[in-house]
Amino acid sequence: MSSQKYASLRYTALRFGLLIGCFAVVYVLAYAHVIPLGVGSSNLMWMVLLALVLSAPLSWVLLRKQRDAMSAQIVERVDRAKAAINANAGQEDGV
């Protein structure tokens, strides 16, 4: 249970770390002139967008276990909330 306790936080942190890693790779490639720089002052925006595009499929593949754990955590919370709502509705009906 404790492995799922922080599943959402863990997934979010890993996803953010993957984005930062992709940004670092894009930054190095851009300034090594392997990929083109943006036009004018759009360079930073270009690199951020490219890092987002690269990190999305990578996170889909690399973070599958963490995403599944986060999903299980969310399902558990929703089930508990539904049970609490049903219990409260049962008490109101009984009064």
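Everything that follows concerns the structure shown earlier in this document.
Thresholds, definitions, all that
- Residues numbered from 1 in each chain as written.
- Predicted model: local features only at pLDDT ≥ 70, side-chain atom pairs only at ≥ 80, totals over all residues.
- Heavy atoms only, no water.
- Helix = DSSP H or I, 4+ residues; strand = E, 2+ residues; numbered from the N terminus.
- Buried < 20%, exposed > 50% of the residue type's maximum accessible area, 1.4 Å probe, protein only.
- Expected span 1.5 Å × (residues − 1).
- Salt bridge = Lys/Arg side-chain N within 4 Å of Asp/Glu carboxyl O.
- Contact = heavy atoms within 4.5 Å.
- Polar contact = N/O pair within 3.5 Å; in protein donor to acceptor, adjacent residues only side chain to side chain.

**Quick notes on the environment of G21**
Tracing the backbone shows G21 in helix α2 (residues 7-31). Note on G21: relative accessible area 34%, which makes it partly exposed. On a C-alpha basis, the gap between G21 and S55 in space is 8.5 Å, while along the polypeptide they are 34 residues apart.

**Thoughts on helix α3 (residues 43-62)**
Compared with an ideal rise of 1.5 Å per residue, which puts 20 residues at 28 Å, α3 spans 28 Å between its outermost C-alpha atoms and is within 8% of the ideal. Restricting attention to buried positions, one finds in α3 the residues N43, M47, A51, S55 and S59.

**Things to note about the pattern of salt bridges**
Using the criterion set out here, one finds one salt bridge in the structure. Between R80 and E76 there is a salt bridge whose closest N-O contact spans 3.7 Å. Taken together, the residues R80 and E76, both in helix α4 (residues 64-94) and four residues apart, mark about one turn of the helix. R80 sits in the exposed class, given a relative accessible area of 51%.

**Observations concerning the environment of R67**
For R67, the location among the structural elements is in helix α4. You can call R67 buried: its relative accessible area is 15%. In contact with R67, not counting residues within four places along its chain, are Y11, S59 and W60. Here W60 takes part through its backbone oxygen, which lies 2.9 Å from a polar atom of the side chain of R67.

**Some points on α2**
Taking 1.5 Å as the rise per residue, α2 with 25 residues should run 36 Å; its terminal C-alpha atoms sit 36 Å apart, in good agreement. Residues of α2 that are buried: A7, Y11, L18, C22, V26 and A30. Downstream of α2 by one or two residues, H33 has phi in the positive range, about 60°.

**Some words on unusual backbone geometry**
Here H33, not a glycine, exhibits a phi torsion of approximately 60°, which is positive. Following the sequence through the fold, H33 ends up in the loop between α2 and α3. With a relative accessible area of 63%, H33 lands in the exposed category.

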